Amino acid sequence: MNELTLPLFTQLLSKKSIAPVEGFPDNPCLMFSTLPKIEDRAKIRFILGHEIRFEKSNEDHVSRLIKHWRAKLAPELDGTGAEGIDQLDNEYLQDLASDAPIIRMVNHLMERSLDLNASDIHFEPEEKYLKVRCRVDGVMVNLENLPAQVIAAVSSRVKLMARLDIGEKRLPQDGRIQYQMGERSLDMRVSTLPGVHGESIVLRILDRSDIQVELEQLGMPPDLLKSYNRVIQQPHGIILVTGPTGSGKTTSLYATLEKINTGQQKTITIEDPVEYQLEGITQIHVNSKIGLSFSAGLRSIVRQDPDIIMVGEIRDRETAEIAIESALTGHLVFSTLHTNDSAGAITRLQDMGIDSYLISSSIIAVMAQRLVRKICVHCADYEMITDEEADLLDIDPKQFSQVRRGVGCDRCANTGYRGRLGLYELLVISDNTRHVIGSGGDASAIRNQGIKDGLQTLRKDALEKLFQGLTTPEEIVRVTKAN
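The rules behind the values
- Residues numbered from 1 in each chain as written.
- Predicted model: local features only at pLDDT ≥ 70, side-chain atom pairs only at ≥ 80, totals over all residues.
- Heavy atoms only, no water.
- Helix = DSSP H or I, 4+ residues; strand = E, 2+ residues; numbered from the N terminus.
- Buried < 20%, exposed > 50% of the residue type's maximum accessible area, 1.4 Å probe, protein only.
- Contact = heavy atoms within 4.5 Å.
- Salt bridge = Lys/Arg side-chain N within 4 Å of Asp/Glu carboxyl O.
- Pairing = 2+ DSSP bridges.
- Axes fitted to C-alpha atoms, helices over the stretch in contact; angles between N-to-C directions.
- 1 Å grid on protein atoms, 1.4 Å probe; cavity = no way out; pocket = protein on both sides within 12 Å on 5 of 7 lines; lining within 4 Å.
- Points joined across faces, edges and corners; volume = space filled by probe spheres on them.
- Nonpolar A, V, L, I, M, F, W, Y, C, P; charged D, E, K, R; others polar.
- Phe/Tyr/Trp six-rings, centres within 6.5 Å; stacked < 30°, edge-to-face > 60°.
- Lys NZ or Arg CZ within 6 Å of the ring centre and 35° of its normal.
- Polar contact = N/O pair within 3.5 Å; in protein donor to acceptor, adjacent residues only side chain to side chain.

A. Highlighting the overall build of the protein chain. Counting secondary structure elements, the protein chain contains 17 helices and 17 strands. Within the span of the protein chain, comprising 483 residues, buried residues form 50% of the whole. In the protein chain, 65% of the contacts between residues at least 6 apart in sequence involve partners at least 24 apart.

So, in structure tokens, the structure goes:
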């Protein structure tokens with residue numbers, strides 16, 4: 001059976017809508033081109049709540065079944081497609097969201113994503129179907145293409161779970177879902193965005209069990225880790241962590257706070273939102289609706305006599321100025337910026353209007369990071385590196401002729417990858433670098449000075465992990481740029 005049919009089949013079973021199909025058994029039956037394993041069959045039976053027979057079939061038969069089931073489902077959901085959502089009243093949407101098949105479908109999609117260790121779930125309405133995708137190890141994976149008739153029901157169900165306004169479809173909304181899956185306690189940050197064919201909904205999955213990590217487990221190179229440990233013991237100054245969304249910045253900062261939180265200092269954080277609760281640390285949640293922004297919260301934090309401050313993100317000049325003022329008056333400040341590399345953080349602050357002399361006197365280090373997928377250890381094998389790959393990575397194929405790749409297996413969902421690891425570069429602001437910053441040097445000048453002082457770039461760290469057999473050339477090209 002094609003994976004598209006499972007939630008639809010669940011709905012049809014619950015509504016007793018299965019009808020005989022010409023050439024197929026009269027009783028409910030799942031057909032597969034390749035029969036699933038015994039444990040997978042048990043899981044399917046549990047999800048559906050029925051005793052199901054499994055039979056091997058060919059792709060043509062499976063396609064006919066999909067068309068038949070979709071045809072049976074469409075009349076029951078008539079009028080709830082993307083084109084009619086705006087005309088539905090709140091009471092009807094509430095009924096749709098509370099319908100048992102819809103509840104079962106949404107829960108099933110969430111649990112499938114969680115089984116894949118996804119970090120996000122995306123509900124993306126199209127003209128003729130609802131595309132459901134998830135992000136696994138930083139790469140989007142297609143889960144389902146559901147019929148357009150379920151768009152209103154699914155979006156209403158997710159918004160109801162997140163306690164959002166079901167009737168508001170013209171403006172973006174943000175919410176949160178607490179989800180319990182077995183022993184795992186999960187928080188899901190929910191974001192809705194109006195689109196042409198309906199609301200795009202993204203659920204960002206926050207697993208509390210995943211944040212209990214130490215700095216030594218993040219994959220930092222030994223020399224960089226030694227320098228970073230030395231930097232975070234400084235009594236005052238600003239330490240920035242940079243990288244795109246989903247690059248592990250929050251994990252690095254939390255691991256850092258756990259490392260230096262000895263109980264002898266007062267630590268306060270202001271975040272948007274507070275993703276994980278840390279013992280012994282005062283954490284503040286940004287709430288723009290009541291005027292509690294990063295800048296407003298940070299201004300109040302400094303009156304609380306903290307030793308260490310963490311600002312979730314420096315987004316504007318006012319927040320940057322208060323953070324710098326705090327660092328110059330004896331506080332150790334941690335924060336994040338969205339820049340491509342460590343040197344870019346300096347010019348980003350300059351673009352905000354911060355004077356170069358303030359930057360050079362307050363910033364003590366900038367760490368840039370990325371996440372790459374790890375090769376699955378269960379199906380890894382070596383093969384020759386191609387000339388094109390060697391050219392892209394600027395390495396000599398004669399000195400490094402083989403690369404390790406995963407060929408795909410059940411444990412990695414046939415992707416060849418399982419899990420992720422970090423790539424890091426740490427720009428420690430030396431006296432020479434301060435001089436470059438103070439004299440108005442651009443990102444290239446700052447970066448070149450950093451390299452002279454021993455900066456190991458993201459690309460260099462990536463190549464080291466390639467030589468160690470931890471990742472692939474494709475991953476390195478995907479997330480890093482050439483030196």
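B. Summary view of the pattern of salt bridges. Tallied over the full model, the rule gives 20 salt bridges. Two residues, Asp120 and Arg135, come together in a salt bridge whose shortest N-O distance is 3.7 Å. A residue pair is termed long-range when its members are at least 10 positions apart, and Asp120 in strand S3 (residues 118-125) and Arg135 in strand S4 (residues 129-136) qualify at 15 residues. For Asp120, a relative accessible area of 12% corresponds to the buried category.

C. Fine view of helix H16 (residues 458-467). The buried count for H16 comes to seven of 10 residues, which makes it a mostly enclosed element. Within the sequence span of H16, burial applies to Leu458, Arg459, Asp461, Ala462, Leu463, Lys465 and Leu466. Elements in contact with the buried residues of H16: strand S14 (363-375), helix H13 (387-393), strand S16 (402-406), strand S17 (417-428) and helix H17 (473-479). The positive-phi residue at the C-terminal boundary of H16 is Gly469, with phi of around 75°.

D. Examining the sheet that holds S4 more closely. Spatial strand order, S5-S4-S3-S8-S7-S6: six strands in an open sheet with antiparallel pairing. Strands with a single pairing partner mark the edges of an open sheet, and in this sheet they are strand S5 (139-147) and strand S6 (173-181). Here the strands of the sheet are splayed against their neighbours by 20° on average, with no regard to which way each runs. The sheet contact formed by strand S7 (residues 184-195) and strand S8 (residues 198-207) spans 10 bridges and is antiparallel. Bridging across to S8, Gly195 finds its partner in Gly198. Of the strands in this sheet, S3, S4, S5, S6, S7 and S8 are in contact with helix H5 (residues 100-115), which crosses S6 at around 75°.

E. Looking closely at the layout of surface pockets. Here the second largest pocket defines a volume of roughly 380 Å³. Leu224, Leu426, Gly454, Leu455 and Gln456 are, among the 16 residues lining the second largest pocket, the residues nearest its centre. Breaking the lining of the second largest pocket down by element, the ones donating at least two residues are helix H7 (222-231), S17 and H16. Of the residues assigned to the lining of the second largest pocket, the class counts are seven nonpolar, four polar and five charged.

F. Here's a closer look at the packing of aromatic side chains. By the definition in use, this model includes one aromatic pair. Looking at Arg373, its charged tip hangs above the ring of Tyr417, at a distance of 3.9 Å from the centre.

G. Structural detail: the side chain of Thr319. For Thr319, the position within the fold is in helix H10 (residues 317-328). Engagement of the side chain of Thr319 in a polar contact is seen with the side chain of Asp316, the distance being 2.8 Å. Discounting chain neighbours no more than four positions away, the residues touching Thr319 are Phe294, Ser295, Leu298, Val311, Glu313 and Ile314.

H. Structural detail: unusual backbone geometry. Located in the positive-phi region is Asn117, a residue other than glycine, with phi close to 60°. With respect to the secondary-structure elements, Asn117 resides in the loop between H5 and S3.

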